[in-house]
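What follows is the residue order along each chain.
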Amino acid sequence: MPGQLFDNALNQPGMPFPLLKVLVHSRAMNFLRGKRILLGVSGGIAAYKSAELVRQLRVAGAFVRVVMTPAASEFITARTFQALSGERVWCDWSDDRTAMEHIELARWAETILVAPATADTLARLAQGRADDLLAAVCLASNAPLAVAPAMNQAMWRHAATQHNVLVMQQRGVSVLGPASGAQACGETGPGRMLEPVELVEHLSASFANGLLAGLKVVVSAGPTREPLDPVRFFSNRSSGKMGYAVARAAREAGALVDLVSGPVVLESPAGVDCVRVETAAEMHREVMARMADCDLYIGAAAVADYRPLSPAGDKIKKQEQTRSVELEPVPDILAAVAALEQRPLCVGFAAETGRLEEYAQKKRIQKGVEMIAANRVGKGLGFETDDNELLLVWDGGSCLLERDHKPILARRLIEQIAALYARLAKSKSGSKPVEHHAKHSA
Ligand code: CTP
């Protein structure tokens, strides 16, 4: 909805993301805290993973109630879920049908996740049956429903299952997974339930607050590698963690996110389109290819400033005592994006060891961008660490995001960027609402 972003951002001057000093799965926490999640467990071997799922949801601050199908209790006991959720567990209809427990549970749930969802459970949910408590709760609830299929690969591929999945998707059910790989039955293929951490991320994202809803965001992350010969390259210590956390936070805030990533060992965040590159030239090409409909560019990559002028075609042999390498500058991607006539709002990063604000403002003006997130490097901050501290500078203002875990900082950064986007959009249009895809010209 045009204008929604701006209203959201402006109406929430405080922190929409509570600052949670927790180590485990902190990236999912603010959106799940206090949420009421009904977990349906059906009878498959993956049910053992549901215990870990309950634990992670609880750590994330959610309230969890578990409803098991009768078949599920052949794989895992209710007592396990009871201990982990701290709640009573529902195994099937109680003797007293007048208790209307399916209605109560249906009303209680803010979201329902069935994990694992067996082929039989999918079939019954697709048909809208109410022949066990879990199916009845799903039928009686207005809450969003998500299913995490888990079954033998042939059962998953079967036309009947695929039809059931399609029917459910058309009805608005989120189908999470399945993943592909080795199966408990000894076969290999699609049908593995997603890991609990991935399911937690999906649920978290479904509760995102929508600060960047509907915007297209491109994030660059990680280092680049500039080849010297076929086996050697110049690079830097960037782990990509901050850029990946920013991409995830933008996704959680409702944006469509493309991540252009240098070589790192991180998994692409759920729901983010990730393209992997090696050199600054490749990163430049991939970023520029995504600028046509981009609303916000966040350059978190540690792009090499120089590359060898003439990389050798063959491996360079050890010959002389000393060797000089002639370097040439690589394209400045951030500055190139900022110089486009129709361009997104641009946010860059800067790594500094001192005089943070002065250097950051200088860099912002030099590169012609709206915001620089300056990063103090050293003392356990910055590269290859899990923590960071950011000084944000923009035209006429600055704000310090104090030291914290990168996923938490990334969310606070996204909050500040959304507020700046809103301010600039408003000032360019007077007090009128602005189209979401209006570009900021320099
Ligand atoms: N950047 C870029 N393309 C480059 C170099 C940098 O897009 N070729 C972007 C980075 O993604 C980051 C910002 O510019 O957002 C960092 O700018 P840079 O001048 O490289 O910062 P520092 O390395 O901190 O600069 P300096 O070495 O001059 O301190």
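So, a few notes on the structure that sits alongside this text. (Residues numbered from 1 in each chain as written. Predicted model: local features only at pLDDT ≥ 70, side-chain atom pairs only at ≥ 80, totals over all residues. Heavy atoms only, no water.)

### Regarding a nonpolar patch on the surface
1) Next: A cluster of nonpolar side chains, namely F234, Y306, V325 and L327, defines an oily patch on the protein surface of about 350 Å² accessible area.
2) Next: By secondary structure assignment, the location of Y306 is in strand β15 (residues 306-308). (Patch = residues over 30% accessible without salt bridge, like charges linked within 9 Å, V, L, I, M, F, W, Y side chains within 5 Å. Areas by Shrake-Rupley, 256 points an atom, 1.4 Å probe, with all protein chains shown as cover. Salt bridge = Lys/Arg side-chain N within 4 Å of Asp/Glu carboxyl O. Helix = DSSP H or I, 4+ residues; strand = E, 2+ residues; numbered from the N terminus.)

### Observations regarding the side chain of D387
1) Next: Relative to the helices and strands, D387 is located in strand β19 (residues 387-394).
2) Next: Judged by relative accessible area, which is 17%, D387 ranks as buried.
3) Next: Looking at D387, its side chain comes within polar contact range of the side chain of R403, at 3.2 Å.
4) Next: Looking at D387, its side chain comes within polar contact range of the side chain of H405, at 3.0 Å. (Buried < 20%, exposed > 50% of the residue type's maximum accessible area, 1.4 Å probe, protein only. Polar contact = N/O pair within 3.5 Å; in protein donor to acceptor, adjacent residues only side chain to side chain.)

### Details of the environment of D258
1) Next: Here D258 is to be found in strand β12 (residues 256-261).
2) Next: Overall, D258 belongs to the buried group, its relative accessible area being 11%.
3) Next: As a C-alpha pair, D258 and V219 span 39 residues in sequence and 6.3 Å in three-dimensional space.
4) Next: Those residues in contact with D258, other than ones at most four positions away along the chain, are K216, V217, V218, V219, D273 and R290.
5) Next: Among the polar contacts made by the side chain of D258, one reaches the side chain of R290 at a distance of 3.3 Å. (Contact = heavy atoms within 4.5 Å.)

### Focus: the sheet that holds strand β2 (residues 63-68)
1) Next: What the six strands build is an open sheet, ordered β3-β2-β1-β4-β5-β6; its pairing is parallel. For this open sheet the edge positions go to β3 (89-90) and β6 (174-175), each flanked by a neighbour on one side alone.
2) Next: Relative to β3, β2 runs parallel, the two sharing two bridges. Following the sheet pairing, V66 is matched in β3 by V89.
3) Next: This element, helix α6 (residues 119-127), spans β4 (111-117) and β5 (145-149) of the sheet and lies at about 140 degrees to β4. (Pairing = 2+ DSSP bridges. Axes fitted to C-alpha atoms, helices over the stretch in contact; angles between N-to-C directions.)

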